[in-house]
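Spelled out, the chains give:
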Amino acid sequence: VQLQASGGGLVQAGGSLRLSCAASRTFFSVRTMGWYRQPPGKERELVAAIAGDGSTHYTNPVKGRFTISRVNAKDTLYLLMNSLKPEDTAVYYCNGVPPVVVENSQYWGQGTLVTVSS
């Protein structure tokens, strides 16, 4: 299984970032995919999900500001984040919804750090 997020960085409040996630083909094509985030000292949480047919779901804190998309032919997931707030600071991960399980444990690939300054 490959799940590698990229595109994070330091941005001022109100700015934008686009995250990308490269996933294994066999894993990506049949799954609902999601972006999760883990703020410092807090639990990891799902923020956006997209099904194979393109239907999307967003949690309230990011609704209207974040856009999730996928390109199945490239096995790639994206998260466009606009109007960023300091509370969006977190390590962002991509994974299936629910998260993939490998050898009885959830597998989490490389995340990408997003830091939003006020």
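Up top you'll find the structure we're talking about.
Chains are numbered independently. Their residues run from 1 in the order of the written sequence. Restriction of local features to residues with pLDDT of at least 70 applies here, the model being predicted, together with a cutoff of 80 or more for giving and counting side-chain atom pairs; totals for whole chains, interfaces and linings are based on all residues. Water and hydrogen atoms were dropped before computing side-chain values, which therefore reflect all heavy atoms in the structure.

## Quick notes on the overall build of the chain
Here's step 1: Strands here are runs of E lasting at least two residues and helices are runs of H or I lasting at least four, both read from the DSSP assignment and numbered beginning at the N terminus. Per the secondary structure count, the chain includes one helix and 12 strands.
Here's step 2: For the chain, the α and β elements follow one another from N to C terminus as β-β-β-α-β-β-β-β-β-β-β-β-β.
Here's step 3: Computed over the C-alpha atoms, the radius of gyration of the chain is 13 Å, within 12% of the 13 Å expected from 2.2 N^0.38 for a compact globule of 118 residues.
Here's step 4: Expressed along its principal axes, the backbone C-alpha trace of the chain runs to roughly 40 × 30 × 20 Å.
Here's step 5: Residues count as neighbours in contact if any of their non-hydrogen atoms are within 4.5 Å of one another. For the chain, the share of sequence-separated contacts (at least 6 apart) that also reach a separation of at least 24 residues comes to 56%.
Here's step 6: Accessibility throughout is a Shrake-Rupley quantity obtained with a 1.4 Å probe, and a residue counts as covered only by protein chains that appear here. Only carbon and sulfur atoms are counted for the fraction: they give 48% of the accessible area of the chain, which is about 6,100 Å².
Here's step 7: His is not counted, nor are the chain ends, whereas Lys and Arg count as positive and Asp and Glu as negative. Each charge is placed at NZ for Lys, CZ for Arg, CG for Asp and CD for Glu. In the chain, 11 positive and 7 negative side-chain charges are present, and the distance between their average locations comes to 6 Å. Throughout, radius of gyration means the C-alpha value; the globule benchmark is 2.2 Å times the number of residues raised to the power 0.38.

## A closer look at the sheet that holds strand β4 (residues 33-38)
Here's step 1: Two strands are counted as paired when DSSP detects at least two bridges linking them. The six strands are arranged β2-β12-β9-β4-β5-β6 in an open sheet whose pairing can be described as mixed. The sheet is open, and its two edges are formed by β2 (9-12) and β6 (56-58), each paired on a single side. Pairwise comparison of adjacent strand axes, ignoring direction, gives a mean angle of 25° for this sheet.
Here's step 2: In terms of strand pairing, strand β5 (residues 45-50) meets β6 through three bridges, oriented antiparallel. Bridge pairing links Ala 49 to His 57 in β6. Axis definition: a line fit to C-alpha positions, over the contact stretch in the case of helices; interaxial angles, taken between N-to-C directions, run 0 to 180 degrees.

## Notes on the state of the cysteines
Disulfide: a covalent bond connecting the sulfur atoms of a pair of cysteines.
Here's step 1: In what follows, a disulfide is any cysteine sulfur pair within 2.5 Å. Taken as a whole and judged by the stated rule, the model has one disulfide.
Here's step 2: Between Cys 21 and Cys 94 runs a disulfide, and the two sulfur atoms are separated by 1.9 Å. Taking the sign of the torsion about the S-S bond as the criterion, the disulfide between Cys 21 and Cys 94, at about 60°, is right-handed. Within this pair, whereas Cys 21 is found in strand β3 (residues 17-23), its partner Cys 94 is found in strand β9 (residues 90-96), the two being separated by 73 residues in sequence. Each member of the pair, Cys 21 as well as Cys 94, carries the same accessibility label: buried. A 1.4 Å probe rolled over the protein chains alone gives each residue an accessible area, and that area as a share of the maximum for its type sets the label: buried under 20%, exposed over 50%, partly exposed in between.

## Quick word on the packing of aromatic side chains
Aromatic rings in a pair are described by how distant their centres are and how their planes are angled relative to each other.
Here's step 1: Here is the rule: rings of Phe, Tyr and Trp (six-membered ring for Trp) pair when centre to centre is within 6.5 Å. Planes less than 30 degrees apart are stacked, more than 60 are edge-to-face, and the remainder are tilted. Enumeration according to the criterion identifies two aromatic pairs in this entry.
Here's step 2: Note on Tyr 36 and Trp 108: the rings are 4.8 Å apart at their centroids and 85° apart in plane angle, and the pair reads as edge-to-face. Remark: Trp 108 occurs in the loop between β11 (105-106) and β12 (112-117) and Tyr 36 occurs in strand β4; sequence separation between them is 72 residues.
Here's step 3: Ring plane angle 75° and centroid distance 5.8 Å describe the contact between Tyr 93 and Trp 108, whose orientation is recorded as edge-to-face. Of this pair, Tyr 93 sits in strand β9 while Trp 108 sits in the loop between β11 and β12, placing them 15 residues apart in sequence. When sorted by exposure, Tyr 93 lands in the same class as Trp 108, which is buried.

## Some remarks on unusual backbone geometry
Here's step 1: Between Val 97 and the following residue, Pro 98, the backbone shows a cis peptide bond with an omega angle of 0°.
Here's step 2: In this structure, Pro 98 sits in the loop between β9 and β10 (101-102).
Here's step 3: Residues other than glycine seldom take positive phi values, yet Asp 75 does so here, at roughly 50°.
Here's step 4: By the element assignment, Asp 75 lies in the loop between β7 (66-71) and β8 (76-81).
Here's step 5: Exposure remark for Asp 75: the relative accessible area of 8% places this residue in the buried category.
Here's step 6: Phi at Ser 83 takes a positive value of approximately 50°, unusual for a residue other than glycine.

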